[in-house]
Amino acid sequence: MSIYPHLFAPLHIRNFYIKNRIESAPISHSGGVPFYTREAQEMYSTFAKGGVGIVTLGEAGVHSQTGHAHPTMPHLDDTTVLPGLIQTVDAIHKWGALASIELTHSGNRAKGSLLTEGGFVMGPCAMETNLYGDPVVEMDEDMMNMVADAFAEAAYLAKFAGCDMINIHGGHGWIISQFLSDLDNHRTDQYGGCIENKARFPLMIVDRIREKCGNDLIIEFRLSAEEGIPGGITIDETVEFAKLLDGKVDIIHVSAATFHETATASRMFPTVFYPRGCNVENAAKIKAVTKKSYVSVVGGLNDPDHMESILADGKTDMVVVGRQMMADPNWPNKAKKGKADEIIKCIRCETCISAGFIPHVPFSSGVLRCSVNPSWGREYENTRKEDKPEQLKKVLVAGGGPSGMEAAITAARRGHNVILCEKSDHLAANLDYAKQISFKQDIVAFLKSMEVNVRRTPNLEVRLNTEVTEELIQIEGPDVLIAACGAEPILPPIPGLDQPIVHHITDLYKKNVKAGQKVVIIGGGLAGCEEGLSLAWEGKDVSIVEMKPELAKDAPYIHWKHLLSKLSESVTSYCSAKVQAIEAEGVRIVDAGGNERKLEADTVFIATGMRATSERYDTWHDLVEDIIFVGDCRRSSKILDAMRTGYCAGMTI
Ligand SMILES: Cc1cc2nc3c(=O)[nH]c(=O)nc-3n(C[C@H](O)[C@H](O)[C@H](O)COP(=O)(O)O)c2cc1C
Ligand code: SF4
């Protein structure tokens, strides 16, 4: 029997057999084109291969003339999507998973410039302009029928392509939730006011799909149980709506939040400041009132023990997993085989979802990347013949941080003989700071699973308390040396750096420095801000001084938004400010308005960045034929770059 009997219990819905209770959340594929490309097929089939019961393709539009909001979103009213869609569905079926696809219409959030000829933007109520500056027409019943028919036609096409299931996107601020939410729906006719009226159009869509597609299609309805802003949908309203949905759809899928207000995106893609499973209690309330439909829940789930307990406690019937699918698509198989400790955990850094938030980033990259899964977005590489090594080599890795561990694992899995040396007494010592910060525990869990993988990888020897020196290189005589020796602090030319109250931010864990009560942090990048927030939560009086106009601009957008709101509650910040000098009892600055200020402090931390150390190892070039610099040693950066450079090193030897 599985150690997760509820998670791996099969489920029968209509004529379909679902092998377990795990559904991959709708995740749009990367590639920047509105088609199911080879990359999309690889991505979704990788989810299926990993062992989930249902794979859900990301949002697909149903009506190009009125519903378009993303240039890269496929639209199912265009049959040219069919060949790629059919191949994607086939690739999912190959691994025994059901294929589902999310259907959506943007309503009043459609973008006029993307609509096809004769298009116009419409919603539950007229608006002078929407967020794109397009006028919005109030929908009459003809328009509602047109959209309901478009959903039905799209579902029919999906079924033709082989989909076993469709997911109606009834949440996140798109057309259906616009009708359900008082933020958008101010109608006084039979489509506004009480929940029965607000639900009339959403239920029309559900009925139309069932009429068109018949009984052999599973219908799932994704909703935002609460929108999280004043005037938005509340859980009490959703409970009433769920009673109306019960039996009309097969699965009610519980999410949260709305794009109506991007601040709530921190709940839609739950950040590290939310407990994992932040929608579970809402889902349980919905399950308590539904008799015929199954209930599933999404939001920050990444641990099979946790998922098992949600199901065992009867809170939901299924779990839906988004980012963890990218962090380690193989996690269900690992859990089933009793190897849950090998699952590489999503750290909720928000890198994947933040790549398109202009102007926080200057361009939308159109590429999905994952900080902890360096092969994400390039799954096809794992099966390419040319990536098998021509000759097995002896590899010495200097440094046991994420990049060194990833390089060692990848090289060893490909058959090379690897020695991984770490100068401290444990791996990933440079990230020890995370252990002390309550909202960084995801990183601690990720590093733990990396370490388990290092220990279990054949051909990989770990040597702790071992610094790689010229002498060691000569003794071992590796064919390839991978330098993953980390970065060193940048110390800005500020008078008073030698004051006894001054420390580098890394001294908090490297030298076990204890902060006093009044703390000034010089440098408001991500590291300084997160450490500042953590100290403030410990009760310290924290000020952050940053020379740029905004704090933590190096953070991924969704994390950044939430971090800023947390900082504003507990930390004093001075942006566009210049530090003049550090003195015995504080820091003198010139603030954004040009005023001189003295910030009292008993502890000053420098957090002005790190720099790569590769030039320190110039002499190593003469000792070994091949040397590859990875991680911070090559260029000080984030876990994403550390993992990718480590992976690339391991893959190219
Ligand atoms: C890269 C990315 C793409 C996503 N694309 C979609 C999408 O197309 N439609 C949708 O409803 N949600 C989308 N989501 C949201 C997920 O379905 C899910 O609700 C969210 O990530 C929270 O679940 P998680 O905490 O398990 O990641 C996306 C999320 C990510 C990270
Ligand atoms: S990029 Fe970050 S948030 Fe996204 S899946 Fe990977 S670890 Fe999770």
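Before reading further, recall that the structure is shown in the block above.
Small disclaimer: the values here were computed from a predicted structure and weren't measured.

A word on the overall build of the protein
Okay, step 1: When its secondary structure is counted, the protein shows 20 helices and 27 strands.
Okay, step 2: Taken along the three principal axes of its C-alpha coordinates, the protein extends 75 × 65 × 50 Å.
Okay, step 3: Within the protein, the proportion of its 653 residues that are buried is 59%.
Okay, step 4: Long-range contacts, defined here as pairs at least 24 residues apart, represent 70% of the contacts in the protein between residues at least 6 apart.
Okay, step 5: With the model as given, the accessible surface of the protein reaches about 26100 Å², and the carbon-plus-sulfur share is 50%.
Okay, step 6: For the protein, the distance from the average position of its 67 positive side-chain charges to the average position of its 85 negative side-chain charges is 4 Å.

Description of the site of ligand 2
Okay, step 1: Taken together, Arg-323, Cys-346, Ile-347, Arg-348, Cys-349, Glu-350, Thr-351, Cys-352, Arg-369, Cys-370, Ser-371 and Val-372 make up the full set of residues adjacent to ligand 2.
Okay, step 2: Assessed atom by atom at 2 Å from the grid points, ligand 2 resides in the largest cavity.
Okay, step 3: A class-by-class count of the residues in the shell around ligand 2 yields six nonpolar, two polar and four charged.

Looking at the side chain of Thr-410
Okay, step 1: You can see Thr-410 is positioned in helix α14 (residues 402-413).
Okay, step 2: At a separation of 2.7 Å, a polar atom in the side chain of Thr-410 contacts the main-chain carbonyl oxygen of Glu-406.
Okay, step 3: Residues contacting Thr-410, with those up to four places away along its chain left out, are Tyr-647, Gly-650 and Met-651.

Remarks on the packing of helix α3 (residues 141-160) against helix α6 (residues 200-213)
Okay, step 1: Contact geometry of α3 with α6 gives a least axis separation of 8 Å together with a crossing angle of 40 degrees. Our classification of the angle between α3 and α6 gives oblique. Regarding α3 and α6, the two cross each other, and that crossing is right-handed. Together, Met-144, Asn-145, Val-147, Ala-148, Asp-149, Phe-151, Ala-152, Glu-153, Ala-155, Tyr-156 and Lys-159 of α3 and Phe-201, Met-204, Ile-205, Arg-208, Ile-209, Lys-212 and Cys-213 of α6 make up the contact between the two elements.
Okay, step 2: Its residues assigned to classes, the contact of α3 with α6 comprises twelve nonpolar, one polar and five charged.

Structural notes on the packing of aromatic side chains
Okay, step 1: This structure, assessed with the given rule, holds twelve aromatic pairs.
Okay, step 2: Judged by centre distance (5.0 Å) and plane angle (50 degrees), the ring pair of Phe-273 and Phe-439 falls under tilted. Placement of Phe-273 in the loop between α8 (265-268) and α9 (280-289) and of Phe-439 in the loop between β14 (417-421) and α15 (441-456) is noted, with a sequence separation of 166 residues between them.
Okay, step 3: The exposure class assigned to Phe-439 is buried, which follows from its relative accessible area of 5%.

A look at the packing of helix α18 (residues 526-537) against helix α19 (residues 557-570)
Okay, step 1: Contact geometry of α18 with α19 gives a least axis separation of 10 Å together with a crossing angle of 40 degrees. Compared by their axis directions, α18 and α19 come out oblique. α19 is crossed by α18, and the crossing has left-handed handedness. Residues Leu-526, Cys-529, Glu-530, Leu-533, Ala-536 and Trp-537 of α18 form the contact with α19, whose own contacting residues are His-559, Leu-563, Lys-566, Leu-567 and Ser-570.

Things to note about helix α7 (residues 235-245)
Okay, step 1: Regarding α7, the residues found buried are Ile-235, Thr-238, Val-239, Phe-241, Ala-242 and Leu-245. Viewed end-on, α7 has its buried residues packed into an arc of 165 degrees, placing them on one side of the element.
Okay, step 2: In the core, the buried residues of α7 are packed alongside α4 (175-180), α5 (195-198), α6, β9 (218-224), β10 (251-255) and α9.
Okay, step 3: Once α7 ends, the next one or two residues include Gly-247, with phi positive near 90 degrees.

A short note on the site of ligand 1
Okay, step 1: As a structural note, the neighbourhood of ligand 1 is formed by 23 residues, with Ser-28, Glu-102, Arg-222, Gly-300 and Arg-323 the closest of them.
Okay, step 2: With respect to ligand 1, the side chain of Ser-28 contributes an N or O atom lying 2.6 Å from an oxygen atom.
Okay, step 3: A distance of 2.7 Å separates an oxygen atom of ligand 1 from a polar atom in the side chain of Arg-222.
Okay, step 4: Out of a free accessible area of 610 Å², ligand 1 has 95% covered by protein chains.

Comments concerning the nonpolar core
Okay, step 1: With 124 residues, the main nonpolar core has Leu-76, Ile-101, Phe-151, Ile-166, Phe-201, Ile-209 and Ile-286 as its most contacted residues.
Okay, step 2: The greatest single-element share of this core, amounting to eleven residues, is contributed by α3.
Okay, step 3: Residues from two domains meet in this core; each of domain 1 (11-344) and domain 2 (384-489 + 611-652) gives at least three.
Okay, step 4: With 37 residues, the next largest nonpolar core counts Phe-259, Phe-269, Ile-558 and Leu-563 among its residues.

Things to note about the environment of Ala-555
Okay, step 1: Its location among the elements puts Ala-555 in the loop between β20 (541-545) and α19.
Okay, step 2: It is 9.4 Å that separates the C-alpha atoms of Ala-555 and His-360, two residues lying 195 residues apart in sequence.
Okay, step 3: Residues in contact with Ala-555, not counting those within four places in the same chain, are His-360, Leu-526 and Trp-560.

Notes on the sheet that holds strand β5 (residues 98-104)
Okay, step 1: Here we have eight strands rolled up into a closed barrel, ordered β3-β4-β5-β8-β9-β10-β11-β12, and parallel in their pairing. Going from strand to strand, the sheet's axes swing by 25 degrees on average, the running direction of each strand aside.
Okay, step 2: With six bridges joining them, strand β8 (residues 165-170) and β9 adopt parallel strand pairing. Note that in β9 the partner of Met-165 across the bridge is Ile-218.
Okay, step 3: In this fold α6 packs onto β8 and β9, with an angle of close to 165 degrees to the strand it touches most, β9.
Okay, step 4: Against the sheet, α9 makes contact with β9, β10 and β11 (294-297), and its axis sits at roughly 175 degrees relative to β11, the strand it touches most.

Digging into helix α20 (residues 639-652)
Okay, step 1: With 14 residues, α20 extends 20 Å between its outermost C-alpha atoms, agreeing within 8% with the 20 Å of an ideal straight helix rising 1.5 Å per residue.
Okay, step 2: With eleven of 14 residues buried, α20 is to be regarded as a mostly interior element.
Okay, step 3: Residues of α20 that are buried sit in contact with α13 (351-354), α14, α15, β16 (480-483) and β27 (626-629).

Re the side chain of Asp-328
Okay, step 1: Among the structural elements, Asp-328 can be located in the loop between α11 (323-327) and α12 (331-336).
Okay, step 2: Classification of Asp-328 by relative accessible area gives buried; the value is 5%.
Okay, step 3: Once residues within four sequence positions are removed from consideration, Asp-328 is found in contact with Lys-334, Glu-342, Ile-343 and Ile-344.

Rules and cut-offs
Residues numbered from 1 in each chain as written. Chains lettered and ligands numbered in written order. Predicted model: local features only at pLDDT ≥ 70, side-chain atom pairs only at ≥ 80, totals over all residues. Heavy atoms only, no water. Helix = DSSP H or I, 4+ residues; strand = E, 2+ residues; numbered from the N terminus. Buried < 20%, exposed > 50% of the residue type's maximum accessible area, 1.4 Å probe, protein only. Contact = heavy atoms within 4.5 Å. Areas by Shrake-Rupley, 256 points an atom, 1.4 Å probe, with all protein chains shown as cover. Lys, Arg positive; Asp, Glu negative; His and termini not counted. Charge placed at Lys NZ, Arg CZ, Asp CG, Glu CD. Near = heavy atom within 4 Å. 1 Å grid on protein atoms, 1.4 Å probe; cavity = no way out; pocket = protein on both sides within 12 Å on 5 of 7 lines; lining within 4 Å. Sits in = over half its atoms within 2 Å of the grid points. Nonpolar A, V, L, I, M, F, W, Y, C, P; charged D, E, K, R; others polar. Polar contact = N/O pair within 3.5 Å; in protein donor to acceptor, adjacent residues only side chain to side chain. Axes fitted to C-alpha atoms, helices over the stretch in contact; angles between N-to-C directions. Parallel < 35°, antiparallel > 145°, perpendicular 65-115°, else oblique. Left-handed = near helix turned anticlockwise from the far one by under 90°. Phe/Tyr/Trp six-rings, centres within 6.5 Å; stacked < 30°, edge-to-face > 60°. Arc of directions from axis to C-beta. Core = buried A, V, L, I, M, F, W, Y, C linked by side-chain atoms within 4.5 Å. Domains from an automatic or database assignment. Pairing = 2+ DSSP bridges. Expected span 1.5 Å × (residues − 1).

No statement about biological role is implied by the geometric values presented.
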